[in-house]
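# Geometric and topological summary
Chain residues, written in single-letter form:
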Amino acid sequence: MSDSLSARQAKLLALHACGLDSRQDKSVLDVITRFGMLQIDSVNVFERAHYMPLFSRLGAYDKKELDSLTGGKNPTLIEYWAHQASFIKTEDFPLFDWRMQWYRDRASQKDSFEKENKKLITWIKAELKANGPMTSSQFEHEENKRQGSWWGWSNVKRALERMIFQGELIAAGRQNFSRIYALPEQVIPTKILNKSVDHIKAQELLISNASRLMGVGTIKDIANVYCQNTTEVKPILASLLEQGVIQEVTVENWKDKAFIHKDFIDYNFKEIKPSLTTVLSPFDPLTWQRERALRIFNFDYRIEIYTPEPKRIYGYYSLPTLHKDNLVARIDLKSDRQSKTLLVQSAWHEKHLTPKEVQTSAKAITKHLVDVRKWQGLDSVQVKPKGNLKLELPTNRA
């Protein structure tokens, strides 16, 4: 193949690789297999973020399909720190032992939290062994009182979370979105727990998957998938280059060198025909890295949840909105579950769109938001007159 890509080819490949050019995937597990993980987030103003990338790719799927894969004994999915807190396939748990070992090494240091709270950690394990999986609030201990650090976490909560990082405990599902903690043997089959994967080989598998998910990406793009730094990823990429898993390419208007996965070498770009219109999660792989979204789509996105209201530009939960091969708008959505109404708090189109592109995008987004409303089980859509994108959606039942 050519050792260079045009900016448009890079864009098409980014969409295709993460499953957003067309309805490629048929199930929740298909999407998670493509990603390698599914980032979890608790914000529920519209919909919790881990349900949204699935909707963007599958359409109006049943959220119970995801829920049924988590929790209980031998689940298909468990939680671990992959791309932030994420669902991963249980069978992939051993691939993260290198990360768990890093946390275990830190815990073994002289002045670590674990050294100072050794008795508490031993007690927690004994409680789980005696009682089975538990939420943090179920641990009755004088150290289970909120404090001023770590988001007000108690020492019990801090210990539980650190033990998750180290692989000493497992997240065994959720109860009212509170994490359930368990000993690994209470959740994961012995054959998986006993599986040993060389740490370098494990990282090569993960980085290969990250490269494929990006389609084409810089070192930073690829490292970001599993929240690694570029320094530790460089030698892994060098090994994958030598093995022929990836190939180095230049991309039009990109300052840094890029890498393309072997699955896309000699790819027929004429086969990629973007057709979807969909809102995206702020944590969708297409947009989770701000600099990459700007480089590929000329889309400068920042979630404004943590921005004081007077300083917000687009809205509290403004969602990137894809139409075919472009990120064309940001729609601030809220599911008012009491009135069963989907609230469009604001709608903004990108300033560089032509009048015709704005009109076409508005029509497609209008139709899509009716689908969003139905997926959320709501009865009506209400559009507030904020933003530069006019959406003539019905305000009554539709």
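Structure shown above.
Remember, it's a predicted structure, so these values are computed and weren't measured experimentally. (Residues numbered from 1 in each chain as written. Predicted model: local features only at pLDDT ≥ 70, side-chain atom pairs only at ≥ 80, totals over all residues. Heavy atoms only, no water.)

### Things to note about the overall build of the protein
For the record, the criterion: Going along the chain from the N terminus, every DSSP run of H or I of four or more residues is numbered as a helix, and every run of E of two or more is numbered as a strand. When we talk radius of gyration, it's over C-alpha atoms, and the globule rule is simply 2.2 Å times the number of residues to the 0.38. Here's how the labels work: a residue is buried when its accessible area is under 20% of the maximum for its type, exposed when over 50%, partly exposed in between, all with a 1.4 Å probe on protein chains only. A contact between two residues is defined here by any heavy atoms of the two lying within 4.5 Å. Only the protein chains shown count as covering a residue, and every accessible area follows the Shrake-Rupley method with a 1.4 Å probe. Under the convention used here, Asp and Glu are negative, Lys and Arg are positive, and both His and the chain ends fall outside the count. Taken as the charge location is NZ of Lys, CZ of Arg, CG of Asp or CD of Glu.
Regarding its fold elements, the protein presents 14 helices and 15 strands. A globule of 398 residues ought to have a C-alpha radius of gyration of about 21 Å, and the protein, at 22 Å, matches this closely. Every one of the 398 residues in the protein was classed for burial, and the buried ones make up 55%. Counted over contacts in the protein with a minimum sequence separation of 6, partners at least 24 positions apart contribute 62%. Surface exposure of the protein reaches about 19,200 Å², of which carbon and sulfur atoms provide 47%. Both charge centroids of the protein, one from 59 positive and one from 48 negative side chains, sit 4 Å from each other.

### Overview of the packing of aromatic side chains
Within a pair of aromatic rings, the relevant descriptors are the distance that separates the centres and the angle that separates the planes. Here is the rule: Centre distance within 6.5 Å is the pairing criterion for rings of Phe, Tyr and Trp, where only the six-membered ring of Trp is used; planes under 30 degrees apart are then read as stacked, over 60 as edge-to-face, and the remainder as tilted. Two limits define a charge over a ring: the Lys NZ or Arg CZ must be within 6 Å of the ring centre, and within 35 degrees of the ring normal.
As enumerated under the stated definition, the model contains 13 aromatic pairs in all. Ring pairs connect the aromatic residues Tyr-80, Phe-93, Phe-96 and Tyr-226, which therefore count as one cluster. Its guanidinium or amino end placed over the ring of Tyr-314, Arg-330 lies 4.3 Å from that ring's centre, counting from NZ or CZ.

### Some remarks on the environment of Tyr-316
For Tyr-316, the position within the fold is in the loop between helix H13 (290–297) and strand E12 (318–323). Sequence separation between Tyr-316 and Ile-303 is 13 residues, and the spatial gap between their C-alpha atoms is 7.5 Å. Among all residues touching Tyr-316, those that are not within four sequence positions of it are Val-45, Glu-304, Ile-305 and Asp-332.

### Looking at the sheet that holds strand E13 (residues 326–336)
Put simply, the rule is: Strands qualify as paired when DSSP identifies two bridges or more between them. Inter-axis angles, ranging from 0 to 180 degrees, are taken between N-to-C directions of lines fitted to C-alpha atoms, where helices are fitted over the stretch in contact.
Across the sheet, which stays open at both edges, the 5 strands sit in the order E11-E12-E13-E14-E15 with mixed pairing between neighbours. Unpaired on one side and paired on the other, strand E11 (277–279) and strand E15 (380–383) mark the two borders of the sheet. This sheet shows a mean twist of 30° between the axes of neighbouring strands, independent of strand direction. In this sheet, strand E14 (residues 341–349) lies alongside E13 in antiparallel orientation, the contact comprising 8 bridges. Among the inter-strand pairings, Arg-330 is bridged to a residue of E14, identified as Trp-348. Seen against the sheet, helix H14 (residues 355–375) touches E11, E12, E13, E14 and E15 and runs at an angle of roughly 35° to E13.

### Regarding empty space enclosed by the protein
Inclusion rule: Buriedness of a pocket was judged along seven lines, with at least five required to meet protein on both sides within 12 Å; pockets are open sets of points on a 1 Å grid over the protein atoms alone, cavities are sets where a 1.4 Å probe fits but cannot get out, and lining residues have an atom within 4 Å of a point. Grid points are joined across faces, edges and corners, and a volume is the space filled by probe spheres set on the points. Gly is placed with the polar residues, together with every amino acid not listed as nonpolar (Ala, Val, Leu, Ile, Met, Phe, Trp, Tyr, Cys and Pro) or charged (Asp, Glu, Lys and Arg).
A full pass over the atoms with the stated rule returns 1 cavity of 30 Å³ or more. Its boundaries defined by the atoms lining it, the largest cavity holds a volume of some 40 Å³. Together, Phe-35, Leu-38, Gln-39, Ala-49, Pro-53, Phe-283, Pro-285 and Trp-288 line the largest cavity. Split by residue class, the lining of the largest cavity holds 7 nonpolar, 1 polar and no charged.

### Regarding the packing of helix H5 (residues 97–107) against helix H10 (residues 199–214)
Where we set the bar: In this scheme, roughly parallel covers angles under 35 degrees and roughly antiparallel covers those over 145, while 65 to 115 is roughly perpendicular and the rest are oblique.
The N-to-C vectors of H5 and H10 enclose an angle of 125°; their axes lie 9 Å apart at closest approach. Overall, the two elements H5 and H10 adopt an arrangement that is oblique. From H5, Asp-97, Trp-98 and Gln-101 reach across to H10, where they touch His-199, Ala-202, Gln-203 and Leu-206. The residue inventory of the contact of H5 with H10, partitioned by class, reads 3 nonpolar, 3 polar and 1 charged.

### Thoughts on unusual backbone geometry
Backbone geometry at Lys-324 places phi at a positive 60°, although glycine is not the residue there. As for its placement among the helices and strands, Lys-324 is situated in the loop between E12 and E13. Phi is positive for Lys-340, close to 55°, though the residue is something other than glycine. We classify Lys-340 as partly exposed; its relative accessible area is 36%.

### Points about the state of the cysteines
Which entries qualify depends on this criterion: Any cysteine sulfur atom paired with another within 2.5 Å is treated as part of a disulfide.
As enumerated under the stated definition, the model contains 0 disulfides in all. Cys-227 takes part in no disulfide bond, and the closest cysteine sulfur, belonging to Cys-18, lies 17 Å away.

### Here we look at the pairing of E14
Across the 9 residues of E14, 8 count as buried, placing the element largely inside the fold. The hairpin formed by E13 and E14 contains 4 residues between the paired strands, and Lys-340 there has a positive phi angle of roughly 55°. Judged from the 4 bridges that link them, E14 and E15 form a sheet pairing that is parallel. Pairing of Leu-343 across the sheet is with Gln-382, part of E15.

### Some remarks on the pattern of salt bridges
If the charged atoms of two oppositely charged side chains come close together, the side chains can form a pair. Applicable threshold: In what follows, salt bridge is the name for a side-chain nitrogen of Lys or Arg lying within 4 Å of a carboxyl oxygen of Asp or Glu.
Enumeration according to the criterion identifies 20 salt bridges in this entry. Residues Lys-89 and Glu-91 are paired through a salt bridge, measuring 3.9 Å at the closest nitrogen-oxygen approach. One salt bridge in this structure joins Glu-168 and Lys-125, with 3.2 Å as the shortest N-O distance. With Glu-168 in the loop between helix H8 (155–166) and strand E6 (170–175) and Lys-125 in helix H7 (residues 118–131), the pair connects residues that are 43 residues apart, well separated along the chain. Residue classification places Lys-125 among the partly exposed positions, given a relative accessible area of 31%.

### Examining the sheet that holds strand E8 (residues 216–217)
Taken together, 4 strands build an open sheet; the order of strands is E1-E9-E10-E8 and the sheet is mixed. The outermost strands of the open sheet, each flanked by one partner alone, are strand E1 (4–5) and E8. Sheet topology places E8 next to strand E10 (residues 258–261); 2 bridges connect them, and they run antiparallel. When the sheet's bridge partners are listed, Val-216 is paired in E10 with Ile-260.

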